[in-house]
Amino acid sequence: MTVYITKVWSFKAPVGPLQFSLEGRRNSARDILRHGDMVVWVGTKGGPTAESDQGRLLGITETSTEPVMSLDFDFRTRPEDYDENRKYRWPYGLLNRRAWQLVDRPLLTEISQRQFGRDSASGIVALSEAEAAKVLSLRRETVPMLEPRAPARARLDGIEAARRRTSPPPMTTRRGVMHMREAPAYTYAFEIKGARSFAFKIGWAFDYKIRARQFNQAAMPELGGLHYKPALDNLWDTAREAYRMEQRLLGQFESKRHAQNHEIICDVKLEDLTSVWARLLGV
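Residues numbered from 1 in each chain as written. Predicted model: local features only at pLDDT ≥ 70, side-chain atom pairs only at ≥ 80, totals over all residues. Heavy atoms only, no water.

Trainee: What is the right way to look at the confidence of the model for the protein chain in this model?
Mentor: Any segment with low pLDDT has predicted coordinates that should not be analysed in fine detail. Residues at a pLDDT of 70 or more form 88% of the protein chain, whose mean pLDDT is 84. Across the protein chain, the secondary-structure element scoring lowest on mean pLDDT is helix α5 (residues 159-164), at 41, and the one scoring highest is strand β3 (residues 38-43), at 96. Across residues 154-179, confidence stays below pLDDT 50; counting only partners more than four residues off in sequence or on other chains, it has 18 contacts. (pLDDT = per-residue confidence, 0-100. Helix = DSSP H or I, 4+ residues; strand = E, 2+ residues; numbered from the N terminus. Contact = heavy atoms within 4.5 Å.)

Trainee: Help me out: how do you make sense of the packing of aromatic side chains in this one?
Mentor: Between two aromatic rings, the relevant description is the distance of the centres plus the angle of the planes. By the definition in use, this model includes nine aromatic pairs. Relative to Trp41, the ring of Phe11 lies with its centre 5.1 Å away and its plane at 80 degrees, an arrangement referred to as edge-to-face. In this pair, Phe11 is assigned in the loop between β1 (3-8) and β2 (18-20) and Trp41 in strand β3, connecting sequence segments 30 residues apart. There is no split in this pair, since Phe11 and Trp41 are both buried. Here Tyr188 and Phe190 contribute two aromatic rings whose centre-to-centre distance is 4.1 Å and whose plane-to-plane angle is 15 degrees, an arrangement assigned as stacked. The class for Phe190 is buried, based on a relative accessible area of 0%. Each member of the aromatic cluster is reached from another via a ring pair, and the members are Trp9, Tyr82, Tyr88 and Trp90. Between Arg140 and the ring centre of Trp100, over which it is positioned, the NZ or CZ distance is 4.7 Å. (Phe/Tyr/Trp six-rings, centres within 6.5 Å; stacked < 30°, edge-to-face > 60°. Buried < 20%, exposed > 50% of the residue type's maximum accessible area, 1.4 Å probe, protein only. Lys NZ or Arg CZ within 6 Å of the ring centre and 35° of its normal.)

Trainee: Looking at this model, I keep getting lost on the side chain of Asp53. Mind explaining?
Mentor: Here Asp53 lies in the loop between β3 and β4 (57-69). With residues up to four places along the chain from it excluded, the contact list for Asp53 reads Gly43, Leu58 and Arg105.

Trainee: Explanation requested: the nonpolar core in the structure shown.
Mentor: The nonpolar side chains of a soluble globular protein tend to be buried, and buried together. In this structure, Ile202, Leu249, Phe253, Ile265 and Leu273 are the most contacted members of the largest nonpolar core, which totals 20 residues. Elements supplying a minimum of two residues to this core: β8 (185-193), β9 (199-205), β10 (227-236), α8 (239-252) and α9 (270-281). Examining the composition of this core, we find that six residues originate from one element, α8, more than from any other. When near neighbours in sequence (up to four residues on either side) are disregarded, Leu273 contacts Ala189, Phe200, Ile202, Leu232, Leu249, Phe253, Ile265 and Val268. (Core = buried A, V, L, I, M, F, W, Y, C linked by side-chain atoms within 4.5 Å.)

Trainee: Even after reading the chapter, I still don't get the sheet that holds strand β11 (residues 264-266), so can you show me in this structure?
Mentor: The strands making up a sheet associate through backbone hydrogen bonding, with each pair oriented either parallel or antiparallel. Strand order in the open sheet formed by four strands is β10-β8-β9-β11, with antiparallel pairing between adjacent strands. Across the chains shown, the open sheet's two edge strands, defined by having one partner strand only, are β10 and β11. Mean inter-strand twist for the sheet, computed between neighbouring axes without regard to direction, equals 20 degrees. For β8 and β10, the ladder comprises nine bridges, and the chain directions are antiparallel. The residue of β10 that forms the bridge with Lys193 is His227. (Pairing = 2+ DSSP bridges. Axes fitted to C-alpha atoms, helices over the stretch in contact; angles between N-to-C directions.)

Trainee: Hey, could you run me through the pairing of β9 in this one?
Mentor: The element β9 is extensively covered by neighbouring structure, given that seven of its seven residues are classed as buried. The two faces of β9 match: Ala199, Lys201, Gly203 and Ala205 on one face and Phe200, Ile202 and Trp204 on the other face are all buried. Where β8 meets β9, six bridges bridge the pair, whose relative direction is antiparallel. Across the sheet, residue Tyr186 finds its bridge partner in β9, namely Ala205. Count of turn residues in the β8/β9 antiparallel hairpin: five residues, of which Gly194 carries a positive phi of about 95 degrees. Taken together, the three bridges between β9 and β11 define a ladder with antiparallel strand orientation. Counterpart to Ala199 in the pairing with β11 is Cys266.

Structure (structure tokens):
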């Protein structure tokens, strides 16, 4: 197991994904992270990090290599989180499996005398074995993980339920949702016929054929609308796996995602999509 460091403006529960400003930085992190690796979040020495957090170890995450989009998660943003063009500063993320808040929150200088520089602000930097041992010896408390916002949650609970939800559901409902997440499900790619260029809808569903019929009922191809034609599908043991495949696939076509619907990729030929699909499946 390797422990890495990253510089952040805050660490708050519930904890969302590990965020990056550039896709290349996220890809670099994916290349080096291994199962079980941890990332310690350290407050930057200046604003807008709170003065009480500056230069201190704030929390630890067990970070996966599963790519996600940061704004798919329902966390509170601040004006300073956006650049002068009103774009979110850290749009690319990696899914975190678990998270801990550090109890004593020591200064980074108590753990290491190194200067970590910009690499730790824009990506992750490995700690030495001695530094990692100090971090892992610190007292920590488990904190909850942040779930995706309504668009992703809707695929589990249904669109109307996601729109209505403003507070945690009853425990019986939550157990039902968790059970559904462990049920078999498909990752799918629908070719969108009638679009101005090659386009595909990427998603997951418990029954992709029903999902295609639902889309076509709304699009009404008989009246000249778009037609969603199943092109690729793969059945997984659980909905969690289907969702992860969906996110990995979308991550491979980040620059091709439609601005109004990030689950649609444009200007991608079927043979190119099929090639990436097969590679992700390990075929």
